[in-house]
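Residues per chain are reported as follows:
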Amino acid sequence: MRRKLAAGNWKMNGTRAALSELDVLAKAPIDPAVDILLCPPAPLLSEAAKHVSGSPVVIGAQDCHYEPSGAHTGDISAAMIADAGARAVILGHSERREDHNESSPLVRQKARSAHAEGLLAVICLGESEAQRLAANTLDIIAGQLATSVPDDATGANTVIAYEPIWAIGTGNVPTTEQIDEVHDFIRARLVRRFGGDEGGAIRLLYGGSVKPGNAAEIFATDNVDGALVGGASLKADDFLPIIRALETSV
Ligand code: PGA
C-alpha cells in the first residue's frame, strides 16, 4: 500500500517571514496515513526544518548538484541539504530543465547523489504543450522516465511527479482521463523495469495547477498517490484543503 503524499514547491518565493505558514501546517492535525513535504528555497531549509520539528511535516530542497562538494559556485549538494535537516529534494523540475538546460541523464546523476545521502528524490517529468498536441506525450514520458530515474530507485527513496508543462502555473488542468492515462503508463513502465514490488511501491504525484477546488477529483484518479503543488502551497490556507482532500481519498 503506497502512502499518500502532499508535496509543496515554493519555487523562488518566500523569505523568513513566510515560515509562519509552516507553523500553521505543523500545528494542524494530519491523518497519519498522509505524508507532507514542503520545499522552500535553499536559504530557508535549515530554519524551516526547525519550524516543523516534531510535526508530520518534512522539509525538502528544490534541486541539488550531483557531487557532494567541490568547485561549483552557487550550487548546493545533497549532503548539505541533509545536513540542513531536510529529507527530500525535487529534481528535474521543468523550470530547471528549461532555465538551466538540465538533461535527463543529469537528473539521474543528481538522484543518485540524493539517494546516497538518504534523501527522497522527487523526480519530475512532463510534456510541453507542443508535444501533447503532436500526440507524443507517452513517448516523451517514456524517454524522460528511462533516463532520469536511476537504477537504484525504490519505493522508499524515489517519488515520480508527472507535471505537464502546459499545466504548471496556468490554471489549465488535464482531464482526469489524461492524468489517468499517463499515470497508468508510468506505473506499467516502473513495474516492467523494477519489478512488481519496487515498481509498484514508487509513488506517483500529479503536479500542475492543483488547487483546493480540483484536488479531490485529481486524487480520485487511479495511480495518483498525491500532488506536487506550486502556487497553492505558499499559503497554509490553500495547502491545508488540498491535504484534507488527500486524507479523504485514503
Ligand atoms: P503550480 O506548480 O501548482 O503552481 O502549477 C506546480 C509545480 O510546478 O510543481
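Residues numbered from 1 in each chain as written. Predicted model: local features only at pLDDT ≥ 70, side-chain atom pairs only at ≥ 80, totals over all residues. Heavy atoms only, no water.

A. View of the sheet that holds strand β8 (residues 226–229). The strand order around the closed barrel formed by 8 strands is β1-β2-β3-β4-β5-β6-β7-β8, and the pairing between neighbours is parallel. Neighbouring strand axes in the sheet, compared pairwise and without regard to direction, differ in orientation by 25° on average. Bridging between strand β4 (residues 88–91) and strand β5 (residues 120–125) involves 4 bridges; their strand directions are parallel. Along β5, the bridge assignment pairs Ile90 with Val122. On top of the sheet, helix α8 (residues 176–201) reaches β5, β6 (158–162) and β7 (203–207); it is set at about 160° to β7, its chief contact. (Pairing = 2+ DSSP bridges. Helix = DSSP H or I, 4+ residues; strand = E, 2+ residues; numbered from the N terminus. Axes fitted to C-alpha atoms, helices over the stretch in contact; angles between N-to-C directions. Contact = heavy atoms within 4.5 Å.)

B. Structural view of the pattern of salt bridges. This model, assessed by the stated rule, comprises 14 salt bridges. When the shortest N-O distance is used, the salt bridge between Arg132 and Glu127 registers 3.0 Å. Assessed through its relative accessible area of 0%, Glu127 is described here as buried. (Salt bridge = Lys/Arg side-chain N within 4 Å of Asp/Glu carboxyl O. Buried < 20%, exposed > 50% of the residue type's maximum accessible area, 1.4 Å probe, protein only.)

C. Representation of the side chain of Thr158 within the structure. Positionally, Thr158 belongs in strand β6. A polar side-chain atom of Thr158 sits 3.0 Å from a polar atom in the side chain of His115. A polar contact of 2.6 Å, which involves the side chain of Thr158, links it to the side chain of Asn157. (Polar contact = N/O pair within 3.5 Å; in protein donor to acceptor, adjacent residues only side chain to side chain.)

D. Seen up close, the pairing of β6. For β6, the buried fraction is high: 5 of the 5 residues fall into the buried class. Burial along β6 is two-sided: Thr158, Ile160 and Tyr162 facing one way and Val159 and Ala161 facing the other are all buried. As defined by bridge partners, β5 adjoins β6 across 5 bridges and the pair is classed as parallel. Across the sheet, the residue bridging to Ala121 is Thr158, located in β6. Note: β6 against β7, 4 bridges, orientation parallel. The partner of Tyr162 across the bridge, within β7, is Tyr206. Note on the crossover from β6 through α8 to β7: the handedness is right-handed. (Right-handed = clockwise from strand over helix to strand, strands pointing away.)

E. View of the site of the ligand. The immediate surroundings of the ligand are formed by 13 residues, with Lys11, His93, Glu163, Gly169 and Ser209 found nearest. At 2.7 Å from an oxygen atom of the ligand is found a main-chain nitrogen or oxygen belonging to Ser209. Relative to its free-state accessible area of 280 Å², the ligand is covered by the protein chains to the extent of 97%. Looking at the shell around the ligand residue by residue, the classes come out as 4 nonpolar, 7 polar and 2 charged. (Near = heavy atom within 4 Å. Areas by Shrake-Rupley, 256 points an atom, 1.4 Å probe, with all protein chains shown as cover. Nonpolar A, V, L, I, M, F, W, Y, C, P; charged D, E, K, R; others polar.)

F. Here's a closer look at the pairing of strand β1 (residues 4–9). Across the 6 residues of β1, 6 count as buried, placing the element largely inside the fold. Summarising the sheet, β1 and strand β2 (residues 34–39) pair through 6 bridges and their orientation is parallel. The partner of Leu5 across the bridge, within β2, is Asp35. Once the chain exits β1 it traverses helix α1 (residues 19–27) before rejoining the sheet at β2, and the crossover so formed is right-handed. When β1 meets β8, the two strands line up parallel, connected through 4 bridges. Paired with Ala7 across the two strands is Leu228, which belongs to β8.

By themselves, these observations are geometric and do not establish any function.
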